[in-house]
Amino acid sequence: MNMAMKEVDYEQPQADVSGSVCATKHAWARVPVEPSQSERAALKGKIRHLLKEKNAVMVSHYYVHPDLQDLAEETGGLVSDSLEMARFGRDHSAKTLVVSGVRFMGETAKILSPEKRILMPDLEATCSLDLGCPVEEFSAFCDAHPDRTVVVYANTSAAVKARSDWLVTSSCALDIVRALKDKGHKILWAPDRHLGGYIQRETGADMLMWNGSCIVHNEFKAIELQGLMQQHPGAKVLVHPESPADVIALADAVGSTSGILKAAHDMDAREFIVATDNGMMHKLRTLNPGKVFLEAPTSGNSATCKSCAHCPWMAMNSLADVARVLETGANEVQVDPAIIPRARLPIDRMLAFTSALKGGHDTGSLVPNIGAA
Ligand code: 13P
Ligand code: SF4
């Protein structure tokens, strides 16, 4: 399959006085060429067959190509947010998981199920938050603030997870930080400064921030969004909290990918403006046929780049590579076995906490009890 190399430049965030600097200035991704209708049908048939033959299941994120989302669901797998992908991968009995998403999702699956074979269409599909939080600098930041409880976002390496006390995704970050704050914890937060800022504003928690950002959500623009809102006065605005604070301030609902889906379903409006990766549009449109979804603006007068609102690394996932890795066993995710037990601890805490919130029981997890600071 031919690959087009896509260069993605973005500005390095300024260090703030309390935080640390994201070191990543430059990103790249291989974007697969779109297959023809007949190639797609052939690849889907081959993948269906291979999944059965290899006792494998597919787990896809909402941002990957619609074909990979649909195929996961059609074959008994899952399309979801990063939290439910982790839970599903851990609980499913299949011996092999194919994770269509970005690297931290495959690593989380491996940490939770070291005995399973975790395959990814492209192992170089990463995330600017993960790249911008190298473990050596992060560890030094933690060492300098031993009085703080370390809370990290799922979009990080296994080594960074192993240095943390709690893991969160955008689905549960508010609840977990609020519970920690209520028990008197001061937080060291990494890596997304926008999600961290949102949680700090909502909870009033004492949070010291790492200075990372998502190259996709960082590009949503408040001024252009206001212009679009004026053109569509009845539209509700749905925003992922990795977006800048001035964009979040315009939202009718702020939430993770699954939170955005729920809000679109529950809200009594016909039009929605959506500030998140546009891979999300597939599910939003198929689940809400009577509603209209518009992409929030990422470029215009106040833009620093012409972003397309699609994660270059999520775009690396292709049908052809899913078929290839299932056939050959290539691209198996490896995590250093020495760090797995420590990296698993904060993930187990998150899964147990969220399960308890839903009134469920989380087998094999730690008691989701947050002790006093
Ligand atoms: P969710 O946890 O909301 O699925 O988001 C993951 C992600 O990478 C968002 O950019
Ligand atoms: Fe990372 Fe942003 Fe891509 Fe999500 S959309 S994987 S946060 S770069």
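Residues numbered from 1 in each chain as written. Chains lettered and ligands numbered in written order. Predicted model: local features only at pLDDT ≥ 70, side-chain atom pairs only at ≥ 80, totals over all residues. Heavy atoms only, no water.

Peer 1: Can you break down the overall build of the protein residue by residue, with the values?
Peer 2: Looking only at helices and strands, the protein has 15 helices and 14 strands in total. Looking at the protein as a whole, 57% of its 373 residues are labelled buried. Approximately 15,100 Å² of the protein is accessible, and the part contributed by carbon and sulfur atoms is 52%. (Helix = DSSP H or I, 4+ residues; strand = E, 2+ residues; numbered from the N terminus. Buried < 20%, exposed > 50% of the residue type's maximum accessible area, 1.4 Å probe, protein only. Areas by Shrake-Rupley, 256 points an atom, 1.4 Å probe, with all protein chains shown as cover.)

Peer 1: For the site of ligand 2, give the residues involved together with the corresponding values.
Peer 2: Around ligand 2, the neighbouring residues are Tyr 63, Val 102, Cys 127, Ser 128, Leu 129, Asn 155, Cys 214, Val 216, Glu 242, Cys 311, Trp 313 and Met 314. Classifying every residue of the shell around ligand 2 gives nine nonpolar, two polar and one charged. (Near = heavy atom within 4 Å. Nonpolar A, V, L, I, M, F, W, Y, C, P; charged D, E, K, R; others polar.)

Peer 1: How would you sum up helix α4 (residues 103–112)? Please name residues and give values.
Peer 2: The buried fraction of α4 is high, at nine of 10 residues. Restricting attention to buried positions, one finds in α4 the residues Phe 104, Met 105, Gly 106, Glu 107, Thr 108, Ala 109, Lys 110, Ile 111 and Leu 112.

Peer 1: Residues and numbers for the site of ligand 1, please.
Peer 2: The environment of ligand 1 is formed by His 61, Tyr 63, Asp 81, Ser 82, Asn 155, Ser 170, His 217, His 240, Glu 242, Ser 256 and Thr 257. One of the side-chain nitrogen or oxygen atoms of Ser 170 is found 3.0 Å away from an oxygen atom of ligand 1. For ligand 1, whose accessible area on its own is 300 Å², the fraction buried by protein is 96%. By residue class, the composition of the shell around ligand 1 is one nonpolar, eight polar and two charged. (Polar contact = N/O pair within 3.5 Å; in protein donor to acceptor, adjacent residues only side chain to side chain.)

Peer 1: Help me get a handle on the sheet that holds strand β14 (residues 292–295), residues and values and all.
Peer 2: Within a beta sheet, neighbouring strands are joined by backbone hydrogen bonds and run either parallel or antiparallel to one another. Strand order in the open sheet formed by four strands is β12-β11-β13-β14, with parallel pairing between adjacent strands. What marks the edges here is a single partner per strand, and that holds for β12 (253–254) and β14. As paired strands, strand β11 (residues 236–239) and β12 are joined by two bridges and run parallel to one another. From the neighbouring strand, Leu 238 faces β12, where its bridge partner is Ala 253. The sheet strands contacting helix α10 (residues 222–231) are β11, β13 (271–275) and β14, and the helix crosses β13 at an angle near 170°. (Pairing = 2+ DSSP bridges. Contact = heavy atoms within 4.5 Å. Axes fitted to C-alpha atoms, helices over the stretch in contact; angles between N-to-C directions.)

Peer 1: How would you explain the pattern of salt bridges if you had to name every residue and give the values?
Peer 2: Counted under the stated rule, the structure contains 17 salt bridges. Note that Asp 67 and Lys 44 form a salt bridge whose closest N and O atoms lie 3.4 Å from each other. Within this pair, whereas Asp 67 is found in helix α2 (residues 66–74), its partner Lys 44 is found in helix α1 (residues 37–53), the two being separated by 23 residues in sequence. In this structure, Asp 67 and Lys 44 share a single accessibility class: buried. (Salt bridge = Lys/Arg side-chain N within 4 Å of Asp/Glu carboxyl O.)

Peer 1: Tell me about the nonpolar core, and name the residues and values.
Peer 2: What tends to happen in soluble globular proteins is that the nonpolar side chains get buried as a cluster. One finds Ile 47, Met 58, Phe 138, Trp 189, Leu 238 and Leu 284 to be the most contacted residues of the largest nonpolar core, which totals 114 residues. When residues of this core are assigned to their parent elements, the largest contribution, six residues, is made by helix α15 (residues 340–357). (Core = buried A, V, L, I, M, F, W, Y, C linked by side-chain atoms within 4.5 Å.)

Peer 1: Mind laying out the side chain of Ser 60, listing which residues take part and the relevant values?
Peer 2: Inspection of the secondary structure puts Ser 60 in strand β3 (residues 56–61). When sequence neighbours within four positions are dropped, the list of residues in contact with Ser 60 reads Leu 68, Gln 69, Ala 72, Leu 78, Val 79, Ser 80, Met 85 and Ser 100.

Peer 1: Tell me about the packing of aromatic side chains, and please be specific about residues and values.
Peer 2: This model, assessed by the stated rule, comprises four aromatic pairs. Within the aromatic cluster, the residues linked to one another by ring pairs are Phe 138, Phe 141 and Trp 210. Above the face of the Trp 166 ring, Arg 349 is positioned so that its terminal group lies 5.8 Å from the ring centre. (Phe/Tyr/Trp six-rings, centres within 6.5 Å; stacked < 30°, edge-to-face > 60°. Lys NZ or Arg CZ within 6 Å of the ring centre and 35° of its normal.)

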